[in-house]
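Examination of the molecular architecture
Here's the letter readout for the chains.
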Amino acid sequence: ILNVEQSPQSLHVQEGDSTNFTCSFPSSNFYALHWYRWETAKSPEALFVMTLNGDEKKKGRISATLNTKEGYSYLYIKGSQPEDSATYLCAYIMNTGFQKLVFGTGTRLLVSP
Amino acid sequence: EPEVTQTPSHQVTQMGQEVILRCVPISNHLYFYWYRQILGQKVEFLVSFYNNEISEKSEIFDDQFSVERPDGSNFTLKIRSTKLEDSAMYFCASSPRGAGEKLFFGSGTQLSVL
């Protein structure tokens, strides 16, 4: 059974704080790792898709790294803003499935002004 | 910006009834998906669809479920005889060239089976 774990489950920070979350996934049969940002009552929005060990991606104040050999990815938010408040989901794809995303439980971030 | 649209946003049905959830994927995308999230649980994969056929499905996607792309723009999920445990938020998604790229999700249909 594939298991994708995210930590922490929730996080409450002050505006301006930098923060990071972890996504752990099986290191074998890796194909790709997705990160999504999901605001309440909206659609999950893709942040990054990473495929290569050592990948680093950046979008504004948000960045992500990937370690496929040990099976983890970090998502970093620099200088958190209230509008960053959302649930951040990671999803793993095996190289035997190719289309099936296996999601973690998500990290719920709340940024207070 | 193009987006995936889903209708209805909420659907309430009686156990045993058939429901059809509708989605309009982004027009030049080739891969289509249904996912669902039961309250308090992870988002889980149901099915992927490419070239007018199912390319992959989960163990959840049994004979009670079917998908169709009837007219080249709509993508539907049918549940033939709903059960209480089918109550969930159902998400449609599409991708230009498969799950090696970003998926674009709709805002979901909340299905409540009474």
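Above this note sits the structure.
My aim in this report is to walk through the structure given alongside it, one point at a time. Since the model is a prediction, treat every value here as computed from it, not as a measurement. (Residues numbered from 1 in each chain as written. Chains lettered and ligands numbered in written order. Predicted model: local features only at pLDDT ≥ 70, side-chain atom pairs only at ≥ 80, totals over all residues. Heavy atoms only, no water.)

Some words on the state of the cysteines
Under the defined criterion, the tally for this structure stands at 2 disulfides over all chains. With a sulfur-sulfur separation of 2.0 Å, A:C23 is cross-linked through a disulfide to A:C90. The disulfide joining A:C23 to A:C90 has a torsion of about 75 degrees about its S-S bond and is therefore right-handed. With A:C23 in strand β3 (residues 19-24) and A:C90 in strand β9 (residues 86-94), the pair connects residues that are 67 residues apart, well separated along the chain. Take A:C23 and A:C90: they sit in the same class, and that class is buried. The disulfide bridge from B:C23 ends at B:C92, spanning 1.9 Å between sulfur atoms. Note on the B:C23 and B:C92 pair: the S-S dihedral is about -65 degrees, so by sign convention the disulfide is left-handed. Highlighted residues: B:C23 in strand β3 (residues 19-24) and B:C92 in strand β9 (residues 88-95), separated in sequence by 69 residues. The same class applies to B:C23 as to B:C92, namely buried. (Disulfide = S-S within 2.5 Å. Helix = DSSP H or I, 4+ residues; strand = E, 2+ residues; numbered from the N terminus. Buried < 20%, exposed > 50% of the residue type's maximum accessible area, 1.4 Å probe, protein only.)

Some remarks on the side chain of A:S112
Residues and elements named next belong to chain A. Tracing the backbone through its elements, the reader meets S112 in strand β11 (residues 107-112). Looking at S112, the relative accessible area reads 15%, which means it is buried. Within polar-contact distance, the side chain of S112 engages the side chain of H12 at 2.5 Å. Aside from chain neighbours lying at most four places away, what touches S112 is H12, V13, Q14 and E15. (Polar contact = N/O pair within 3.5 Å; in protein donor to acceptor, adjacent residues only side chain to side chain. Contact = heavy atoms within 4.5 Å.)

Side note on the interface of chain B and chain A
When the parts come together, some accessible area is lost, and that loss is often what is quoted as the size of the interface. At the interface, 20 residues of chain B touch 22 residues of chain A. Carbon and sulfur atoms supply 60% of the area that chain B and chain A bury against each other, a total of about 1,700 Å² over both sides. For chain B, the biggest contributors to the area lost against chain A are B:K42, B:K102 and B:F105; these three give 32% of the whole. Where chain B touches chain A, the interface holds 0 salt bridges. Contributing elements (two or more residues each) for the side of chain B that touches chain A: β4 (31-37), β5 (43-50) and β6 (53-57) of chain B. Ranked by the residues each element gives to the side of chain B that touches chain A, the list is headed by β4(B), at 4 residues. Class assignment for the residues of the side of chain B that touches chain A results in 9 nonpolar, 7 polar and 4 charged. (Buried area = accessible area lost by both parts, 1.4 Å probe. Salt bridge = Lys/Arg side-chain N within 4 Å of Asp/Glu carboxyl O. Nonpolar A, V, L, I, M, F, W, Y, C, P; charged D, E, K, R; others polar.)

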